[in-house]
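Observations on chain architecture
As a plain string of letters, each chain reads:
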Amino acid sequence: MTGTAIEAAALSRTFGRRRKAALDGCDFRLPAGSVCAVVGPNGAGKSTLLSLAAGLIRPTDGTLTVLGQAPAAVRERLAYVAQDKPLYPQLTVADTLRFGRELNPGRWDAKVAERIVDEGELEPDAKIRTLSGGQRTRVALALALGKRPELLLLDEPMADLDPLARHQLMATLMADAAEHGTTVVMSSHVVAELDGSCDHLLLLGAGRVRLAGPLDDLLSAHRLVTGRADASLDSHTVIESRTTGRQLTALIRPEGPLDSGWQATAPTLEELVLAHLRAPQAPVLRLDDVREAAV
Ligand SMILES: Nc1ncnc2c1ncn2[C@@H]1O[C@H](COP(=O)(O)OP(=O)(O)OP(=O)(O)O)[C@@H](O)[C@H]1O
């Protein structure tokens, strides 16, 4: 297996006659075995990136390598759960899993697929069309994990699950990925639920990479600081700042030691992401390869 699960170089994808760029010159590298969160505002290009990685669409420019090859060449080794989770409505749950086994001879993992379905207390003879959105998600995830992929691409997988099901499915997913060394790339708008599960982050904005790299490195490159509103942060990169009365709170990238007047803490993933969403012009930070900032 290659040490790199996904590598994008100047990756662009346009749509329509106007050639509107959904992705625009993206560079990033994701090591194999990572669990990567893909976040960004609506229309940032998250689904486009996942579709490209799944080999469903092709780049208009640049390159994307998945498991060391062109995405279309490695379809058998990856699983992709799209936002709309297409399944055959007339099949039963059991038929769907049987279908999964027949489509993936020699690699089908019936145990994990059945476990995911059983944990949701789904009736094996229930037709897919009779299931709720969250129950369909469960079947789609069972099919994806049953395929025993090296790379699992999930486009907002948890969006229609209740909080308990989310928590429990996420735990199953992460335990399974850790056991098998699966690379997981997962887009989500619910940043809090990614905390504790992901070790890599890719933040997209307007089709471009804004933050990329190991989550711990990205978090430790930032500080959440509080101090007097008239104190200076001039020597640091300020991502976002807010003043309440005489107090200023800011998310910064320190460019050296902080003056003693500032109280500094490490941001959470949610604080890091929210600040960057509120500050779309903040400088890019890529720590995914050479482990140094590239602006
Ligand atoms: N098939 C398509 N035809 C035309 N435009 C498209 C197509 N797919 C995506 N786009 C455009 O590309 C841009 C990125 O879309 P994409 O679905 O990748 O964003 P996203 O980050 O997944 O958004 P969301 O969070 O809303 O799901 C949007 O402006 C969208 O309108």
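What you see is a predicted model; the values in this text were computed from it and never measured.

Turning to the overall build of the chain, a few remarks are in order. Counting secondary structure elements, the chain contains 7 helices and 14 strands. Relative to the 2.2 N^0.38 estimate, which gives 19 Å for 295 residues, the radius of gyration of the chain is 21 Å and therefore close to what a compact globule would have. Across its three principal directions, the C-alpha atoms of the chain cover 65 × 40 × 40 Å. Counting every position in the chain, which comprises 295 residues, the buried fraction comes to 39%. The contacts in the chain between residues at least 6 apart in sequence include a share of 71% that link residues at least 24 apart.

So, on to the site of the ligand. As a structural note, the neighbourhood of the ligand is formed by F15, G16, A22, G40, N42, G43, A44, G45, K46, S47 and T48. It is helix α1 (residues 46–53) that contributes the most residues to the shell around the ligand, 3 residues altogether. For the shell around the ligand, a count of residues per class yields 3 nonpolar, 7 polar and 1 charged.

On to the UniProt feature "domain: ABC transporter" (unreviewed entry) in the chain, then. According to UniProt, the positions carrying the feature "domain: ABC transporter" (unreviewed entry) are residues 6–231. Annotated as residues 6–231, this span is 30% helix and 29% strand, and its ends, taken at the C-alpha atoms, are 43 Å apart.

Another point: the sheet that holds strand β9 (residues 208–214). As summarised here, the arrangement of the 7 strands in space is β5-β6-β7-β3-β8-β9-β14, forming an open sheet in which the pairing is mixed. Pairing within the sheet leaves two strands with one partner each, and these edge strands are β5 (78–81) and β14 (285–286). Inspection of the sheet shows β5 paired to strand β6 (residues 151–155) by 4 bridges, in the parallel sense. Across the sheet, L78 pairs through a bridge with L151, a residue of β6.

This part takes up helix α5 (residues 163–180). Look at α5: 26 Å from first C-alpha to last across 18 residues, which is about the 26 Å you get at 1.5 Å a residue. Where α5 is buried, its residues touch β3 (35–39), α4 (133–146), β6 and β7 (183–187). Just beyond α5, the residue with positive phi is G181, at close to 70°.

Another point: the nonpolar core. The biggest cluster of nonpolar side chains holds 76 residues, and the ones touching the most others in it are C36, A53, L153 and V185. No fewer than three residues from each of domain 1 (4–214) and domain 2 (216–282) sit in this core. Residues in contact with C36, not counting those within four places in the same chain, are L30, V184, V185, C198, H200, L201 and L202.

Strands pair in a sheet through their backbones, by hydrogen bonds, and they do so in one of two ways: parallel or antiparallel. Reading across from one edge, β11-β12-β10-β13 is the order of the 4 strands in this open sheet, with antiparallel pairing throughout. Both edges of this open sheet fall to β11 (237–244) and β13 (263–265), since each of them pairs with a single strand only. Put simply, the sheet's adjacent strands are angled 20° from each other on average, direction ignored. Here β11 runs beside strand β12 (residues 247–253); their pairing, made up of 7 bridges, is antiparallel. Its bridge partner being in β12, T244 is matched across the sheet by Q247. Lying on the sheet, helix α7 (residues 269–278) is in contact with β10 (223–228), β11 and β12; it crosses β11 at an angle near 90°.

Rules and cut-offs
- Starting from 1, residues in each chain are numbered consecutively following that chain's sequence as written.
- Local features in this predicted model are restricted to residues of pLDDT 70 or higher, and side-chain atom pairs are both shown and tallied only at a pLDDT of 80 or more, whereas totals for entire chains, interfaces and linings draw on every residue.
- Comment: elements are numbered from the N terminus, with helices defined as DSSP H or I runs of at least four residues and strands as E runs of at least two.
- Radius of gyration: over C-alpha atoms. The globule rule applied is 2.2 Å multiplied by the number of residues raised to the 0.38 power.
- Residues with at least 20 neighbouring C-beta atoms inside 10 Å of their own are called buried, those with 12 or fewer are called exposed, and the rest are partly exposed, where every C-beta is derived from the backbone.
- C-beta atoms are first placed from the backbone for all residues, and any pair lying within 7 Å is then listed as a contact.
- Using the backbone to place each C-beta atom, any residue with that atom within 6 Å of a molecule or strand is considered near it.
- Polarity classes work like this: nonpolar for Ala, Val, Leu, Ile, Met, Phe, Trp, Tyr, Cys and Pro, charged for Asp, Glu, Lys and Arg, and polar for all others, with Gly in that last group.
- UniProt positions are given in the numbering used here, feature names are shortened, and annotations may be inferred rather than shown by experiment.
- Whether two strands pair comes down to DSSP finding at least two bridges between them.
- To estimate how far a helix should reach, multiply one less than its number of residues by 1.5 Å.
- Buried Ala, Val, Leu, Ile, Met, Phe, Trp, Tyr and Cys residues form a nonpolar core when they are connected through C-beta atoms within 7 Å.
- As used throughout, domain bounds are those supplied by an automatic or database domain assignment.
- Axis definition: a line fitted to C-alpha atoms, limited for helices to the stretch in contact. Angles are taken between N-to-C directions and run from 0 to 180 degrees.

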